4 protein chains.
Amino acid sequence: VIDGCPAGLKIDLDFIQEELDRRAPGKDKYRSPRNEADQVEILSGVFEGLSTGAPISLKIANTDAKSASYEPIKGLLRPGHAQYAYLEKYGIFDFRGGGRASARETAARVAAGAIAKVFLQEQGIDLVAYLKQVGAESCSAFSDSSKQLKDALQSSPIFCPDLQVSESICALLEDTMQAGDSIGGVVEFFAEGVPAGLGEPLFDKLPALLAHAMMSLPAAKAFEIGEGMDVATKNGSIHNDTFENRSGKITLSSNHSGGTLGGISTGMPVFGRVAFKPASSIRISQETVSIEGENALFELPVGSRHDPCVAIRAVPVVESMLALVLADALLMNRVSKK
Amino acid sequence: VIDGCPAGLKIDLDFIQEELDRRAPGKDKYRSPRNEADQVEILSGVFEGLSTGAPISLKIANTDAKSASYEPIKGLLRPGHAQYAYLEKYGIFDFRGGGRASARETAARVAAGAIAKVFLQEQGIDLVAYLKQVGAESCSAFSDSSKQLKDALQSSPIFCPDLQVSESICALLEDTMQAGDSIGGVVEFFAEGVPAGLGEPLFDKLPALLAHAMMSLPAAKAFEIGEGMDVATKNGSIHNDTFENRSGKITLSSNHSGGTLGGISTGMPVFGRVAFKPASSIRISQETVSIEGENALFELPVGSRHDPCVAIRAVPVVESMLALVLADALLMNRVSKK
Amino acid sequence: VIDGCPAGLKIDLDFIQEELDRRAPGKDKYRSPRNEADQVEILSGVFEGLSTGAPISLKIANTDAKSASYEPIKGLLRPGHAQYAYLEKYGIFDFRGGGRASARETAARVAAGAIAKVFLQEQGIDLVAYLKQVGAESCSAFSDSSKQLKDALQSSPIFCPDLQVSESICALLEDTMQAGDSIGGVVEFFAEGVPAGLGEPLFDKLPALLAHAMMSLPAAKAFEIGEGMDVATKNGSIHNDTFENRSGKITLSSNHSGGTLGGISTGMPVFGRVAFKPASSIRISQETVSIEGENALFELPVGSRHDPCVAIRAVPVVESMLALVLADALLMNRVSKK
Amino acid sequence: VIDGCPAGLKIDLDFIQEELDRRAPGKDKYRSPRNEADQVEILSGVFEGLSTGAPISLKIANTDAKSASYEPIKGLLRPGHAQYAYLEKYGIFDFRGGGRASARETAARVAAGAIAKVFLQEQGIDLVAYLKQVGAESCSAFSDSSKQLKDALQSSPIFCPDLQVSESICALLEDTMQAGDSIGGVVEFFAEGVPAGLGEPLFDKLPALLAHAMMSLPAAKAFEIGEGMDVATKNGSIHNDTFENRSGKITLSSNHSGGTLGGISTGMPVFGRVAFKPASSIRISQETVSIEGENALFELPVGSRHDPCVAIRAVPVVESMLALVLADALLMNRVSKK
C-alpha cells in the first residue's frame, strides 16, 4: 500500500512489472531458481491511468510458496536467520518461508519504487544502483552519468557496470556455489538532478533518511554516503568541497560529501553504498540447536532455495529505496518555505 | 524537550551535568577552546526527583555566543558547511554560529541520553562508545565488557581505550593542528545486556533505527553494524552465528552480526561504528565565492573556534544516541505481545 | 491493513464475518438494498489462528460495483457529496461509487474493530453502540450495563434498545422513504471495564482521540462525551463527579464526565454520542450545475442505492471505532510508567 | 516549541503578546484574578524578524505560581479534577497547580496560534471565535463576516458579539460567582477565505482534525461542525448544500455543512462549536476522599483561583486551535497534487 502519492501521476502497470522482473529470482544462475512470477495487480488508487490521491494498493501473490519444504527443519534454529529473534519478540513464528523476514518482501519495495521513479523523472531526477563489489572483486569509482551507468549494466548478468569486474565476480560466484557457500557484496547508488534543499536539518537529514531506508533492507550491514568509512583518513583541506561560479551559477567544485552538506542536498549527485552480508542459507551443514535446546545439525532441505550472493538481487531494491526516500524528501520540502 | 519518558524514573541533575561535561569543548587541547559552560537546567517534567510522565524540558543556554566573530565572513559560502544548503532550502540563514547546523545542538542529545541511560541501567543494559580510529591509527577489535572499556577510557584524553593507539592519535592530532588542518575518525559503540526482541521487522529494524540516529549526527558519513563493510568479503559459512545450548540456555556461539538477526536484537551485545568526516572549519585558506558569486578566499576569523577532529567530541554523543534508540526500542517492544 | 496488533491474539475469521454482517446493507428495508456480500479474507499476519505481530491484511472485495449506473450523472456536481471537494483537492475524481468517499470504506473499520474487540474482551472491556435518536424520536438515557443493552438491541431491526422508540423511528423512516427523502440521527456509545489511565494529557486526551476517530466517519457532524453540549447549562456543583470509598476501593460517585478527567480515563464507563447528517443521496430532484458550470437538475439514477438514515448503518461502525481507539490507548498506556 | 513553521514568515513578538493578553486571566472580574504576566520570549527559530525554518521556541514563565496555596489540599482527591486520573496513570502527581492538567498550558497554544494566524492572513484566511452560550443565554446564528464579528467583540468584556446576550450572561455570571459556583458554556468558531481542498479523505478529514484539536482543550466536552447535533432532526432535502454558478464561478448555494464535504473544505466558511463544562474548582464544599480513602470535605483554599466560566477564557484558545489546524492542513495540502 503506497499512501501519500500525489494525484495526477501517470501509473504505468507495465513499467512496474518491468521493475519487478529485474528483481525477480531465477532470471539467471546466480539468483535462486524460484518460480516467482511476481505478477503485480493494482487494487486501488488509480483511475484512467492516473493516481487519484488515494492509497495505491498493489498485490503480488506468492504463487510458488512451498511450505512443505520447510517442514523438516521447522523445529531447528536456523543459523543467521531471523526466526530466533522473532520467536523471542513475538512468541510465535510462521516457519513457512520466513514471513516478513523473507527477502520476498522487497518485491513490494520495488513496485513502490517504480511509482516513485516516475514522479522523480518528471522532476528531472535520474537514478541508478549497481553491484560494486563481491568478495575482493571491486569496481573502481565511476565518474559517469547515471545514463552511461545504466547502459553499462545491460551487458552484465549481475548489474555490474565494469564488465571485467563483472566477469571476475561471476567466476567467484561459480566457486562459491560449488562450495555450497554464500558471499557478501556492496551495492552503490547514484542519483543525478536532485535539487538543493532536500532533507531536514536535525534528525531527518537526507543521509539519515537514506541510512534508515537502506539499513531496513534484509541483510544490510553498513551504509555509506559520499566517501563513507574512508573519511576517517582524510584531511579537511582535501575533503572540503569548495564553491565556484560556473558561468553565473554557483556550484561546488567537487563532491566528496556525496551530495549533502549539513544533511541537506546541495544539487550535486547523491551517492553512497550499502553492504550486504553473505546469505545465511547455505548448503554446508551447520551446528545448531532445536527450539527445545537439543543439539542438531542444520541442513537446507533438498530443493529449497538460496542465493549465493544477495547483493545482486539487492541492486534494484536499493535503487527503489533511493527513489522512495528522494520522492518523500521532495514532497516534504514543499513546506520548507512560506 | 524529552517527550515520552515513562513516569517514576529517577532524574539526577548531577548525572546529566556530568554527561554534558564529557562532551563539552575546551576540556583539553584537542577540542576547540570555547567557554561553553553547558549548564543544564530542568524546566518541567520532574517532581520530587522523579519523572512525572510529562515532557522533560531541559535548557542549556549558550553563554559564549560570539556573533561578532562571524561578521567578516557572513557574505561568503563556507566550504564544507551547511550554510549553502540551508540558503537553498529556506532562503534565509542565521550566520551567527550555524544555528541548527552547529554541533552545539548535540549537547541536547547528550542531556537526553543521560536520562535514557538511567532507564537502561535499571533494565540491566550497559553501554559505551569510544574513539576507534583517526587517520591510519586504529584500535583492534575489543572483546572486553563495557565496564572494562569504560575503565580504559579514563586514562585517555580522547576516549580511546587502547592507550598506545591513544598516544599515536594524539601525536597525529598535534601535527594536524600545526598544519591548520582537520582529520576524520571512527567511533565504535557497544551495548551489553540488551534483551532479545528489540526492533521492528520491516522498516524499523534495530540497525535501521540506529543508522537513522547516528547518521543524523553532524559530520557522520557512514554507519556499520557488526562487521559492517567487511561483510562484503565474508562467506556465509564463516559469518553465520550458530546457536548452542549453554547450561540450559539457548544462546549464539558467535556475534558476527553485531547483536541483531532479521533486524531484531538477539540478546548478544549490539555493536557497530560511525565514521565522521574531517571538520570543515580549518585554518588553511580555501577558495570559494560570495553569496553573490564573486570569487573570494575563505579564512577562519582569528579567534574563531574549531576542532581538529570532531570524532573525539562525537564519542559521548554516539553513546547518547545509542541509549536513546535502545530506550525507545524497549518501550516500543512492550506492545509486541498481547 | 491492521498494523501494530500484538502477537498471540486469537483471530477468529467467523467473528470478523459476523461483525461485517451487522454493518452490511440490504439486511432490512431501512438499509439500501445492495448485494454486498462483504466476504472477508485474511491475506497475512495470522498463523495457526493467532496473530503473529505482522500486519494483518484483510480483503473485502466489492462484488456489487455497478459503475454503469453512475454514468448518466458523472458530469454533474452531486449536492452534499464529496465529489466537488475531491475535484478541487486532487483535480481528478473516480465517479464510480465515490471511491474513498463511499461509506463502503467503513467495512474495513468494522473488520479491524472486530480484532480490537477480541483484544479488549481479554482485558475485561465490553462495549456497545446503539441508535439513540432519529428526527425527534429519541431514547432517554440508559443506566443499563453494556450486556443488557446488547440484549435489547437484538429485538430491534435498527439497533435501538428502547423498543417503543425503535418502532416510532421505523414509522418515521417509512414516511421519509415514501417522500424520497433522508433524515439524520444520533448514535450513542458505551464502554465498560475501561481501566483508569488511558489517554494522554495534552493533545491526545482520550476524548480527543475518540472525537478524531468518530468525526472521521462519513456524515459525522458532532461528537459528545459525557453530557456533551448540555454541559453549557450545568453548574459545577452538579456536574462535578465526587469521590467515595466503596468497600475499600476509591471510586467516583457519579459519571457526568463520561469516564474521563483531564482527558484520562477514570475507570468509570466511557460514553458519548455521534450525530450523523441525513444522507445526501435522495430521490427528490435537486438543482445543481455540471462540472462545466451549466445549470442542471440532479436526479438519482433509477436502481441506484441510498439509505434513508445512515445513522443506522453507522451503529456497528461507531462501536468499531470505539474498540480501535481503546485498544490503541491501552497499548500506548504500557509505556506510561517505567 | 513550534516545529514545521515554514521559513520566511514575519514573526511579530508584539502580536504574539497581544494575543496572549487576550487569554490572560485577571483582565476582568469574570476571569480568575491571577497575576500571570504571560510575558513571552523567543528563544530560537527567528532571525532578523523572519522564521528560519528551525523550531520556534517560545518561553512564557509562570511568575505567579503559588505552590504553598495547594499544600492544605494536596492529600485530597479534587472533584472533577485530573489529579485522580493522573495518579492512576503515572503513579505520581505534581499537586502544585495541576501541571499539564492546568489550563495554563493553553497560553502556549495561543502563542503558537498567533504565528499560525500570520501565515493564514497572508493566504487570505481570516478567523474568529466568540462566546455563543452560557447557561440558557445564547446568541442566535450569525451571518456576519469575521470582520464584523471581530468588531462586535470589542464592546463585550466576555467575547460575546451580541451585546444584549453579553449583558445577560454577565448578570448570570454575577449570580454564579455569588453562589460560589461555576457554569458551562459554548464557543463558536468561524473561518473565512479557507480554500477548497483542505483535509484528508479518510482518518484526517478536516472535521476530524478540528475535533481532535478542540477536544484536546481542557474542559471540552463536545464538538460540532456546521449544524452539529441538530442534523439529527434534519431532512436531506433541506440539509444538502446545492451548487450554483455565480457569475462564472461554481459555488455552493448554502453552507449547512459548515464548509466541508466528504471531510474536505469546499471554499465556504468553516464554522462550528465547542462546549466547555463548568469549572471543577468551586467555592462550595464538596464531599470527597483523601488519597488514602478517608472521607473528607474538599474546600478551595482561601485566595486560590478559579474562573466562574472557563468558556470565556477558552475563546482565544479555540481561535488559536482553529488557526493551527488550518495552517497544518494548508501545508499538508501542498503534497496532494504532483
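None of these values were measured; they are calculated from a predicted model.

(A) Structural context of the overall build of chain A. Along the backbone of chain A there are 8 helices and 15 strands. Its C-alpha atoms put chain A at 70 × 50 × 40 Å along the principal axes. Across the 338 residues in chain A, those meeting the buried criterion constitute 62%. Contacts spanning at least 24 positions in sequence make up 69% of the contacts within chain A whose residues lie at least 6 apart. When the 33 positive and 42 negative side-chain charges of chain A are each reduced to one mean point, those points stand 3 Å apart.

(B) Here's a closer look at the relation of the copies chain B and chain A. When chain B is brought onto chain A, the operation consists of a screw motion whose angular component is 180 degrees and whose axial shift is 0.0 Å, with 0.0 Å RMSD remaining. The transformation relating the two chain copies, once decomposed into turn and shift, fits a two-fold axis. Here 100% of the interface residues in chain B have copies in chain A that are interface residues too; the copies meet face to matching face.

(C) Region of interest: the interface of chain B and chain A. Across the boundary between the two partners, chain B contributes 95 residues, which contact 95 residues of chain A. Carbon and sulfur atoms supply 63% of the area that chain B and chain A bury against each other, a total of about 7300 Å² over both sides. In terms of surface lost to chain A, no three residues of chain B exceed Lys-89, Lys-221 and Phe-243 of chain B, which account for 11% of the buried area on that side. For the interface between chain B and chain A, the tally reads 2 salt bridges. The salt bridge involving Glu-200 of chain B is made with Lys-89 of chain A; its shortest N-O contact spans 3.3 Å. Taken together, the connections running from chain B to chain A amount to 44 residue pairs in polar contact (both at pLDDT 80 or more). Looking at chain direction, strand 8 (residues 220-225) of chain A and strand 8 (residues 220-225) of chain B are connected through 3 bridges and run antiparallel. Within strand 8 of chain B, the position partnered with Phe-223 of chain A by the bridge is Phe-223 of chain B.

(D) Local environment of the relation of the copies chain D and chain A. Structural alignment of chain D on chain A gives an RMSD of 0.0 Å, achieved by rotating through 180 degrees and translating 0.0 Å along the axis. Comparing interface residues between copies, 100% of those in chain D also sit at the interface in chain A, which points to an isologous, same-surface contact.

(E) Spatial organisation of the pairing of strand 14 (residues 286-289) of chain B. Residues and elements named next belong to chain B. Looking at chain direction, strand 14 and strand 15 (residues 295-298) are connected through 4 bridges and run antiparallel. Within strand 15, the residue paired with Gln-286 across the bridge is Phe-298. In sequence, strand 14 turns back onto strand 15 through a hairpin of 5 residues, with Gly-293 there showing a positive phi of about 100 degrees.

(F) Region of the structure containing the interface of chain D and chain A. Across the boundary between the two partners, chain D contributes 12 residues, which contact 12 residues of chain A. In total, about 1200 Å² of surface goes out of reach between chain D and chain A, with carbon and sulfur atoms giving 52% of it. Applying the counting criterion to the chain D and chain A interface returns 2 salt bridges. With a closest N to O distance of 2.9 Å, Lys-338 of chain A and Glu-122 of chain D form a salt bridge.

(G) Spatial organisation of the sheet that holds strand 5 (residues 126-134) of chain C. Taken in spatial order, the 10 strands line up as 6(C)-5(C)-7(C)-13(C)-8(C)-8(D)-13(D)-7(D)-5(D)-6(D) in an open sheet, and their pairing is antiparallel. The sheet is open, and its two borders are formed by strand 6 (137-138) of chain C together with strand 6 (137-138) of chain D, each paired with just one other strand. Most of the contacts of helix 6 (residues 206-215) of chain C go to strand 8 (residues 220-225) of chain C, to which it runs at about 155 degrees, and overall it touches strand 7 (185-192), strand 8 and strand 13 (270-276) of chain C together with strand 8 (220-225) of chain D. Docked against the sheet, helix 6 (residues 206-215) of chain D engages strand 8 of chain C together with strand 7 (185-192), strand 8 and strand 13 (270-276) of chain D, running at close to 160 degrees with respect to strand 8 of chain D.

(H) Spotlight on unusual backbone geometry. Residue and element names in this part refer to chain A. One non-glycine residue, Glu-48, lies in positive phi territory at about 50 degrees. Examined against the element boundaries, Glu-48 turns out to sit in the loop between strand 2 (46-47) and strand 3 (50-51). Residue classification places Glu-48 among the exposed residues on the basis of a relative accessible area of 65%.

(I) Spotlight on the confidence of the model for chain A. In the predicted model, chain A carries a mean pLDDT of 91, and 93% of its residues have values of at least 70. Model confidence for the complex: the whole-complex pTM is 0.95, and ipTM, which rates the interface, is 0.95.

(J) Summary view of the environment of Ala-37 of chain B. Residue and element names in this part refer to chain B. Along the polypeptide, Ala-37 turns up in the loop between helix 1 (13-23) and strand 1 (40-44). For Ala-37, a relative accessible area of 41% corresponds to the partly exposed category. Along the chain, Ala-37 and Asp-21 lie 16 residues apart, while their C-alpha atoms are 8.4 Å from each other. Those residues in contact with Ala-37, other than ones at most four positions away along the chain, are Gln-17 and Thr-63.

(K) How the structure looks around the pattern of salt bridges. For the coordinates displayed, the defined rule picks out 66 salt bridges over all chains. With its nearest N and O atoms 2.7 Å apart, the salt bridge here joins Glu-227 of chain B to Lys-234 of chain B. Taking relative accessible area as the criterion, Glu-227 of chain B reaches 19% and is therefore assigned buried. Under the relative-accessibility criterion, Lys-234 of chain B is labelled partly exposed at 24%. With a closest N to O distance of 2.6 Å, Glu-224 of chain C and Arg-273 of chain C form a salt bridge. Note that Glu-224 of chain C is positioned in strand 8 and Arg-273 of chain C in strand 13, a separation of 49 residues in sequence. Arg-273 of chain C sits in the buried class, given a relative accessible area of 9%. A cluster of three or more residues bridged by salt bridges with shared partners is formed by Glu-19, Arg-22, Lys-117 and Glu-319 of chain A.

Criteria and cut-off values
Residues numbered from 1 in each chain as written. Chains lettered and ligands numbered in written order. Predicted model: local features only at pLDDT ≥ 70, side-chain atom pairs only at ≥ 80, totals over all residues. Heavy atoms only, no water. Helix = DSSP H or I, 4+ residues; strand = E, 2+ residues; numbered from the N terminus. Buried < 20%, exposed > 50% of the residue type's maximum accessible area, 1.4 Å probe, protein only. Contact = heavy atoms within 4.5 Å. Lys, Arg positive; Asp, Glu negative; His and termini not counted. Charge placed at Lys NZ, Arg CZ, Asp CG, Glu CD. Least-squares fit on C-alpha atoms with pLDDT ≥ 70 in both. Buried area = accessible area lost by both parts, 1.4 Å probe. Salt bridge = Lys/Arg side-chain N within 4 Å of Asp/Glu carboxyl O. Polar contact = N/O pair within 3.5 Å; in protein donor to acceptor, adjacent residues only side chain to side chain. Pairing = 2+ DSSP bridges. Axes fitted to C-alpha atoms, helices over the stretch in contact; angles between N-to-C directions. pLDDT = per-residue confidence, 0-100.

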